[in-house]
Amino acid sequence: MKLLVLGGTHHVGRAVVETALQRGDEVSTLNRGLSRDPAPGVRALIADRTEPESVRLALGREEWDAVIDTWAWAPRVVRDSARLLSGRTAHYGYVSSRGVHRWPWPAHANEQAPLVDGDPASTDDADYAAAKRGGELAVLESFPGPALLARAGMILGPYEDVGRIPWWLRRLEKGGRVLAPAPAQMPLQYLDVRDLAAWMLQSAERGLSGAFTTTGPPGAITLGDLLTTALEVTGFDTELVWAQPELLLRHGLPLGMELGLRLPDGSAPSGMHDADVSAVLAEGLTTRPMRDTLADTWTWLQTEGDPTPRADAPSPDTWLDAAAEQRLVDQLSR
């Protein structure tokens, strides 16, 4: 395909670009050109997406087979892009989020779960859920062709800039005894960023429309599987010390929140890791082994170093009080 990626330098966007190049697609990106040099073979269009005239000039009169949009902030930006590309691309893919569903998420929820309100013309991005829902509505209202809304769950793999797996790998790397949030049997539901990218590209080629809960199958792995496999693929000499949520809460340690396993009050949220993904699996989503995701993430970290923390999220370095963790480890070791 002839593909336009709006973004293309961080996490999902970077994975989309690399996966498209591996497929043999002709790839253009549109971004400010500040974060990374374009990958070899990519045509870089430079524009600030918050300025519609800048985007219009960068796009020129060109047409594409498909566009993939990773924008996560003010919905108006998505609306403006969708309007500019109307009639000039055959398919619009928007990377949305399960966060568009109204909280608390029901257990075993599918695409029909209640949604938050969103405004496609909004310039506000303070409420992530409302911003993503506004982005969805912007695509649906402003782009008349086939449009795919990929409501992603927890996205892991190389280039992750939220800090979940990179943070855990750096903690495990230190060796010794490391706290882990019990129970080890807690199920996790996630998707490798490259599997998300591949599915969105295949769906664009097919002209697939609609909203899909886009994450891996529920119950496939547990937290214990994740952390013990991380130790296996890295070879770290680290011992996991499992602590119950109420004990972590008492010591002011928010372990588990980074993976959506607990809320600030220590309770376990419903619906976080048991979404019904039968629709997206029926439309061809495939998932790679967790071992590959962890090994490739560690290789990326060793090669490129830790990613710059996102501006819209606290630095992972501030997540855990090392002294408080050590006190609890010592207490559990007695």
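Structure first, text after, so check above.
Residues numbered from 1 in each chain as written. Predicted model: local features only at pLDDT ≥ 70, side-chain atom pairs only at ≥ 80, totals over all residues. Heavy atoms only, no water.

Participant: What is the right way to read the pattern of salt bridges from this model?
Facilitator: It is possible for side chains of opposite charge to pair when their charged atoms get near one another. For the coordinates displayed, the defined rule picks out 23 salt bridges. Here R14 ties to E18 by a salt bridge, and the two come within 3.2 Å at their closest N and O atoms. With R14 and E18 both in helix α1 (residues 11-23) and four residues apart, the pair spans about one turn of that helix. Under the relative-accessibility criterion, R14 is labelled buried at 9%. A salt bridge links R23 to E205; the nearest nitrogen and oxygen atoms lie 3.4 Å apart. One end of the pair, R23, is in helix α1; the other, E205, is in helix α6 (residues 193-206), and 182 residues separate them in sequence. The network of salt bridges with common partners includes D192, R194, D195, R288 and D296. (Salt bridge = Lys/Arg side-chain N within 4 Å of Asp/Glu carboxyl O. Helix = DSSP H or I, 4+ residues; strand = E, 2+ residues; numbered from the N terminus. Buried < 20%, exposed > 50% of the residue type's maximum accessible area, 1.4 Å probe, protein only.)

Participant: It is not clear to me how the environment of V178 should be interpreted in this structure. Could you clarify?
Facilitator: With respect to the helices, strands and loops of the structure, V178 is situated in strand β8 (residues 176-181). For the pair V178 and H273, spaced 95 residues apart in sequence, the C-alpha separation works out to 24 Å. Excluding residues within four positions of it along the chain, V178 makes contact with W168, R171, L172, T238, E239, L240, V241 and E325. (Contact = heavy atoms within 4.5 Å.)

Participant: Explain the packing of aromatic side chains to me, please; I cannot follow it from the model alone.
Facilitator: Each aromatic ring pair is summarised here by two numbers: the centre-to-centre distance and the angle between the ring planes. All chains considered together, the criterion is met by seven aromatic pairs. When the centroid spacing of 5.4 Å and the interplanar angle of 55° are considered together, the rings of Y92 and F143 count as tilted. With Y92 in strand β5 (residues 92-97) and F143 in the loop between α4 (128-142) and β6 (147-152), the pair connects residues that are 51 residues apart, well separated along the chain. Here Y92 and F143 have matching classes, each one buried. On the basis of an interplanar angle of 85° and a centroid distance of 5.8 Å, the ring pair of Y159 and W300 is categorised as edge-to-face. Here Y159 is found in the loop between β7 (154-156) and α5 (164-173), whereas its partner W300 is found in helix α10 (residues 290-304), with 141 residues between them in sequence. Positioned above the aromatic ring of Y159, the side-chain terminus of R14 is 3.8 Å from the ring centre. Across from the ring centre of W168, 4.7 Å away, lies the NZ or CZ of R171, which sits over that ring. (Phe/Tyr/Trp six-rings, centres within 6.5 Å; stacked < 30°, edge-to-face > 60°. Lys NZ or Arg CZ within 6 Å of the ring centre and 35° of its normal.)

Participant: What is the right way to look at the side chain of S122 in this model?
Facilitator: Mapping S122 onto the fold places it in the loop between β5 and α4. Separated by 3.0 Å, the side chain of S122 and the backbone nitrogen of D124 make a polar contact. Leave out the neighbours within four places in its chain, and S122 touches A74, P75 and R76. (Polar contact = N/O pair within 3.5 Å; in protein donor to acceptor, adjacent residues only side chain to side chain.)

Participant: Looking at this structure, I do not really get the sheet that holds strand β1 (residues 2-6). What am I missing?
Facilitator: Either a parallel or an antiparallel arrangement is found when strands of a sheet pair, and the pairing is made through backbone hydrogen bonds. Ordered by their spatial adjacency, seven strands build an open sheet running β3-β2-β1-β4-β5-β6-β11, and the pairing between neighbours is parallel. Two strands lie at the open edges of the sheet, namely β3 (43-46) and β11 (210-214), each paired on one side alone. If you compare each strand with its neighbour and ignore which way they point, the axes differ by 20° on average. Here six bridges tie β5 to β6, and the two strands are oriented parallel to one another. Each bridged residue has a counterpart across the sheet, and for Y92 the counterpart in β6 is A147. On top of the sheet, α4 reaches β5 and β6; it is set at about 160° to β5, its chief contact. Along the sheet, α6 makes contact with β1, β4 (66-69), β5, β6 and β11, crossing β6 at roughly 165°. (Pairing = 2+ DSSP bridges. Axes fitted to C-alpha atoms, helices over the stretch in contact; angles between N-to-C directions.)

Participant: In this structure, what is going on with unusual backbone geometry? I would like to understand it.
Facilitator: For residues other than glycine, phi is negative in most cases, and the peptide bonds are mostly trans. W103 connects to P104 through a cis peptide bond whose omega is 0°. Here P104 shows up in the loop between β5 and α4. In this model, A182 is joined to P183 through a cis peptide bond whose omega is 0°. By the element assignment, P183 lies in the loop between β8 and β9 (187-188). The backbone of H108 shows a phi angle near 60°, a positive value even though the residue is not glycine. Positionally, H108 belongs in the loop between β5 and α4.

Participant: I would appreciate a short explanation of the nonpolar core in the present structure.
Facilitator: What tends to happen in soluble globular proteins is that the nonpolar side chains get buried as a cluster. Grouped together as the largest cluster of nonpolar side chains are 38 residues, with contacts concentrated most on W168, L172, L179, L226 and L259. Of all elements in the fold, only β7, α5, β8, α7 (223-234), β13 (238-243), α8 (245-250), α10 and α11 (322-333) reach the threshold of two or more residues within this core. In this structure, L172 is in contact with V178, L227, A230, L231, F236, T238 and L240, ignoring residues within four places of it in sequence. Counting residues in each nonpolar core, the second largest holds 29 residues, with V17, L148, W199 and L208 among its members. (Core = buried A, V, L, I, M, F, W, Y, C linked by side-chain atoms within 4.5 Å.)

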